[in-house]
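Chain by chain, the residues:
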Amino acid sequence: MTTVHAAAPDNFARSLAPNQIVPLLIGSTVDEVERELVVQTLARCDGNRTRAARVLGLSVRTLRNKIRLYVADGIDVPAYHD
């Protein structure tokens, strides 16, 4: 059985209203879902790590460590925007 994972467009999270649920794909691993949640939360927080960590219920240090791993894996992580 082959599982197909469709990547959401980079601006997808920004196009959602704040109360909309971001769709996650059945067949994704927990790590993939977590990574997508972190990346989309960062996008919705305009890259603000402190705010994103608070929303996710993580320490800023834990979030930074996750971001470091994602960047090392070639994942595009939203940069901070004022």
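Residues numbered from 1 in each chain as written. Predicted model: local features only at pLDDT ≥ 70, side-chain atom pairs only at ≥ 80, totals over all residues. Heavy atoms only, no water.

For this particular structure, what's the right way to read the overall build of the protein?
Looking only at helices and strands, one finds four helices and zero strands in the protein. Along the protein, helices (α) and strands (β) appear in the sequence α-α-α-α when read from the amino end. Just so you have it, the protein exposes about 6,000 Å², and 55% of that area is on carbon and sulfur atoms. (Helix = DSSP H or I, 4+ residues; strand = E, 2+ residues; numbered from the N terminus. Areas by Shrake-Rupley, 256 points an atom, 1.4 Å probe, with all protein chains shown as cover.)

Just to check I follow, could you spell out the packing of helix 3 (residues 49-56) against helix 4 (residues 60-72) for this structure?
The packing of two helices is summarised by the inter-axis angle and the distance between the axes. For the pair helix 3 and helix 4, the least separation of the axes is 9 Å and the interaxial angle reads 105 degrees. Taken together, helix 3 and helix 4 sit at an angle that is classed as roughly perpendicular. Listed contacts from helix 4 to Arg49, Thr50, Ala52, Ala53 and Leu56 of helix 3 are Val60, Leu63 and Ile67. (Axes fitted to C-alpha atoms, helices over the stretch in contact; angles between N-to-C directions. Parallel < 35°, antiparallel > 145°, perpendicular 65-115°, else oblique. Contact = heavy atoms within 4.5 Å.)

Whenever I open this one, helix 4 confuses me. Can you help?
A turn of α-helix holds 3.6 residues, and therefore any two residues three or four places apart point the same way. Taking 1.5 Å of rise per residue, the 13 residues of helix 4 would be expected to cover 18 Å, and the 18 Å separating its terminal C-alpha atoms lies within 8% of that figure. If you follow the buried residues of helix 4, they end up packed against helix 2 (30-44) and helix 3. At the exit of helix 4 stands Gly74, carrying a positive phi of roughly 85 degrees. (Expected span 1.5 Å × (residues − 1).)

Explain the nonpolar core here, please?
Here is a general trend for soluble globular proteins: nonpolar side chains tend to be buried in one another's company. Counting 10 residues, the largest nonpolar core consists of Val38, Val39, Leu42, Cys45, Ala52, Ala53, Leu63, Ile67, Tyr70 and Val77. The contacts of Val39, once residues within four sequence positions are left out, are Tyr70, Ile75, Asp76 and Pro78. (Core = buried A, V, L, I, M, F, W, Y, C linked by side-chain atoms within 4.5 Å. Buried < 20%, exposed > 50% of the residue type's maximum accessible area, 1.4 Å probe, protein only.)

Even after reading the chapter, I still don't get the packing of helix 2 against helix 4, so can you show me in this structure?
The N-to-C vectors of helix 2 and helix 4 enclose an angle of 110 degrees; their axes lie 11 Å apart at closest approach. Here helix 4 runs roughly perpendicular to helix 2, going by the angle between their axes. Packed against helix 2, whose contacting residues are Glu34, Arg35, Val38, Val39 and Leu42, the element helix 4 presents Leu63, Lys66, Ile67 and Tyr70 at the interface. Partitioned by chemical class, the residues of the contact of helix 2 with helix 4 number six nonpolar, no polar and three charged. (Nonpolar A, V, L, I, M, F, W, Y, C, P; charged D, E, K, R; others polar.)

Help me out: how do you make sense of the confidence of the model for the protein in this one?
It should be kept in mind that the predicted coordinates are not to be read in detail where pLDDT is low. Confidence in the prediction for the protein averages 80 pLDDT; 68% of positions are at 70 or higher. Counting contacts from residues 1-10, a segment whose pLDDT is below 50, to residues more than four positions away or on other chains yields nine contacts. (pLDDT = per-residue confidence, 0-100.)

In this structure, what is going on with the pattern of salt bridges? I would like to understand it.
Side chains that carry opposite charge are capable of pairing whenever their charged atoms lie near each other. Applying the stated criterion across every chain, the model contains one salt bridge. A salt bridge links Glu34 to Lys66, with the shortest nitrogen-to-oxygen separation between them at 3.1 Å. Placement of the pair is Glu34 in helix 2 and Lys66 in helix 4, with a sequence separation of 32 residues. Judged by its relative accessible area of 18%, Lys66 falls in the buried class. (Salt bridge = Lys/Arg side-chain N within 4 Å of Asp/Glu carboxyl O.)

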